Each structure stands twice: as C-alpha cells, then as structure tokens.
Amino acid sequence: MEKLQQLYEGKAKKVFATDDPEKLIVEYKDDATAFNGLKKGTIKGKGVINNQMSNRLMAYLEKQGVPTHYIQEINERETIVKKVSIVPLEVIVRNISAGSFAKHYGVEEGIVFDQPTIEFSYKNDELGDPLLNRYHALALKLATAEEIDTIEKYAFKVNQVLKAFWLSAGVTLVDFKLEFGRLSDGTIVLADEISPDTSRLWDVKTHEKLDKDRFRRDMGGVEEAYAEIMKRMEATLA
C-alpha cells in the first residue's frame, strides 16, 4: 500500500492518504500535550507504545464484538486504518472519580462509582471541548439518536472488556476517552486510539499512576510508566 500526501496533523498523530480511498495510514508522534494544548512536551517512545497498544487492544475488542477502524500495523509507529468521518463527540467513561470529574464536582479522587458514568464533550478545540448531553448533540446535529445509542452501547462494552483485561494485568481502569467514526456506508466504529494518553490506569495495589497524568502533573517517570503499562499489556495478551 502506497503512502500518499499528509491529510492532517493533530496533537499526537499524523494521517496520510493511501492509494485506496477507503484506507488511511496513521503515524503516531512522541509529542505530548495537555489542557487543550496549553502544555506541550515530548514523551520519548510514546508514539511507538500508543500505536502498538491501540492496535493490540482494538484487535482484542474486535474479538469481543466491538467494530473498530483498525486494519493492520505497518511498523512500530504506523498503522493502516479504515477511513472514517469522526463523530465530533468525545466519549468519556468513568469508573472512579479523577481528573476533571473530581475538579468540576468538588469531590476527591478515588471514589469508586456504583456503576460507570458516561459523558460527552463537543470535539472542538476552539471552544475547549465543552461538556454536552445527548439533547445538545441532537440539536447541533453532531449525531443521530440511533448513532448516540450505538456509541453508548459500544462505550460501555469497551469499558466492560477493558476493565476486566486491565484488572488481570494488575491495573485499575479509572476512566478513558473514546472517539467513534462513520464508515462510508454510515456504520459506526471505534476510531482514534486507546492508550495511556487517553486512559487513566492505576496500579491495583499502590494506585501509582501509569498514564499521561504523570506528564500533566509534572510527576516525573512518564516514559517509565508508559513502558510499564506496555509490558503489563503484552504479558496479559501473551
């Protein structure tokens, strides 16, 4: 497959056209950002880990009945994916209070919820990705009611599957962000990535953070945390 012109460059990835109009190549970068791009930096080797982790977990989710955009890994930083138009909703599933949830609602981190919560934010950097509900999403025509139902169903399924997966790796899945896209025929599939950039992952016993919060909060040991979570994932899949 031939890699053609660059179509897009985001905070963490570049996207390229290919000689197949239904397929794209995604290249993962080591660039790191936080707080809607206000904080910038580099996490050495992050692109390799995020690419490979996303691919392994998406392949795992496919086997559990969640359709994704993943097709094939080309090398440690590049992957062939199905071309989708991204639904402009960021979907956040939370099992434990942390991050913006704790901040917005004035609660401490670490409260385990009786059941997972789901929230949507409008994927719009200029507006700071504001929170919205399904009625706002429908009013703004970001998705249809049927698409939102499908997205919610898949998001909770991803949570169920990955929560159990990470637990077997000695890791608590605190929360995570997903994005979904439409294939050319309108089918909704999981897109973007699943990685320590988009998930909060805590060691079960010590509650040590093994994710991007180490970068956000200047905790140090960022590269080591990413390497540790990758090692645990590979051992669990072996």
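Look a little higher up for the structure.
None of the values given here were measured: they were computed from a predicted structure. (Residues numbered from 1 in each chain as written. Predicted model: local features only at pLDDT ≥ 70, side-chain atom pairs only at ≥ 80, totals over all residues. Heavy atoms only, no water.)

**Side note on the pairing of strand S12 (residues 171–182)**
Thinking step 1. Within S12, eleven of the twelve residues are buried, which leaves the element mostly enclosed by the surrounding structure.
Thinking step 2. For strand S8 (residues 85–86) and S12, the ladder comprises two bridges, and the chain directions are antiparallel. In the strand pairing of S12, Ser 85 is matched with Arg 182.
Thinking step 3. Where strand S9 (residues 89–96) lies against S12, four bridges are found, and the strand directions are antiparallel. Within S12, the position partnered with Ile 92 by the bridge is Lys 177.
Thinking step 4. Here five bridges tie S12 to strand S14 (residues 199–203), and the two strands are oriented antiparallel to one another. The residue of S14 that forms the bridge with Val 171 is Asp 203.
Thinking step 5. Across four bridges, the pairing between S12 and strand S13 (residues 188–191) is antiparallel. The partner of Phe 180 across the bridge, within S13, is Leu 190.
Thinking step 6. Joining the antiparallel neighbours S12 and S13 is a turn of five residues, in which Gly 186 adopts a positive phi near 95°. (Buried < 20%, exposed > 50% of the residue type's maximum accessible area, 1.4 Å probe, protein only. Helix = DSSP H or I, 4+ residues; strand = E, 2+ residues; numbered from the N terminus. Pairing = 2+ DSSP bridges.)

**Some points on the packing of helix H1 (residues 46–63) against helix H4 (residues 145–168)**
Thinking step 1. Running from N to C, H1 and H4 cross one another at 115°; their axes reach a closest spacing of 11 Å. Considering only the axes of H1 and H4, their crossing is right-handed. Contact residues: Met 53, Leu 57, Tyr 60 and Leu 61 in H1; Val 158, Val 161, Leu 162, Phe 165 and Trp 166 in H4.
Thinking step 2. Taken together, the residues of the contact of H1 with H4 break down into nine nonpolar, no polar and no charged. (Axes fitted to C-alpha atoms, helices over the stretch in contact; angles between N-to-C directions. Left-handed = near helix turned anticlockwise from the far one by under 90°. Contact = heavy atoms within 4.5 Å. Nonpolar A, V, L, I, M, F, W, Y, C, P; charged D, E, K, R; others polar.)

**Here's the deal with the nonpolar core**
Thinking step 1. Of all hydrophobic cores here, the largest spans 45 residues; its most connected members are Leu 89, Trp 166, Leu 178 and Leu 190.
Thinking step 2. Of all the elements in the fold, those that place two or more residues in this core are strand S4 (31–34), H1, S9, H4, S12, S13 and helix H6 (222–237).
Thinking step 3. The greatest single-element share of this core, amounting to nine residues, is contributed by H4.
Thinking step 4. In contact with Leu 178, other than residues within four places in its own chain, are Leu 89, Glu 90, Val 91, Ala 155, Val 158, Leu 190 and Ile 194. (Core = buried A, V, L, I, M, F, W, Y, C linked by side-chain atoms within 4.5 Å.)

**A closer look at the packing of aromatic side chains**
Thinking step 1. Taken as a whole and judged by the stated rule, the model has four aromatic pairs.
Thinking step 2. Each member of the aromatic cluster is reached from another via a ring pair, and the members are Tyr 60, Phe 165 and Trp 166.
Thinking step 3. Positioned above the aromatic ring of Phe 16 is the side chain of Lys 3, whose terminal nitrogen or guanidinium carbon lies 4.2 Å from the ring centre.
Thinking step 4. Sitting over the face of the ring of Phe 215, Lys 39 holds its NZ or CZ atom 4.8 Å from the ring centroid. (Phe/Tyr/Trp six-rings, centres within 6.5 Å; stacked < 30°, edge-to-face > 60°. Lys NZ or Arg CZ within 6 Å of the ring centre and 35° of its normal.)

**Things to note about the side chain of Asp 192**
Thinking step 1. Its place among the elements puts Asp 192 in the loop between S13 and S14.
Thinking step 2. Look at Asp 192 and you get buried, because its relative accessible area is 15%.
Thinking step 3. At 3.4 Å, the side chain of Asp 192 forms a polar contact with the side chain of Lys 177.
Thinking step 4. Leave out the neighbours within four places in its chain, and Asp 192 touches Lys 13, Tyr 28, Met 58, His 69, Lys 177, Glu 179 and Thr 198. (Polar contact = N/O pair within 3.5 Å; in protein donor to acceptor, adjacent residues only side chain to side chain.)

**A short note on the pattern of salt bridges**
Thinking step 1. All told, the structure shown has 30 salt bridges when counted by the stated rule.
Thinking step 2. Across the pair Lys 13 and Glu 193 runs a salt bridge whose closest N-O atoms are separated by 2.5 Å. Here Glu 193 lies in the loop between S13 and S14 and Lys 13 lies in strand S2 (residues 13–18), a separation of 180 residues in the sequence. Assigned by exposure class, Lys 13 and Glu 193 land together as buried. (Salt bridge = Lys/Arg side-chain N within 4 Å of Asp/Glu carboxyl O.)

**What about the sheet that holds S2?**
Thinking step 1. What the five strands build is an open sheet, ordered S1-S2-S3-S7-S6; its pairing is antiparallel. The open sheet has two edge strands with one neighbour each: strand S1 (3–9) and strand S6 (70–73). Strand-to-strand twist of the sheet, defined as the mean angle between neighbouring strand axes without regard to direction, takes the value 30°.
Thinking step 2. Of the pairings in the sheet, the one linking S1 to S2 comprises four bridges and is antiparallel in character. When the bridges of S2 are listed, Lys 3 appears paired with Thr 18.
Thinking step 3. In the packing of H1 onto the sheet, contacts are made with strand S3 (23–28), S6 and strand S7 (78–82), and the angle to S6 comes to roughly 130°.

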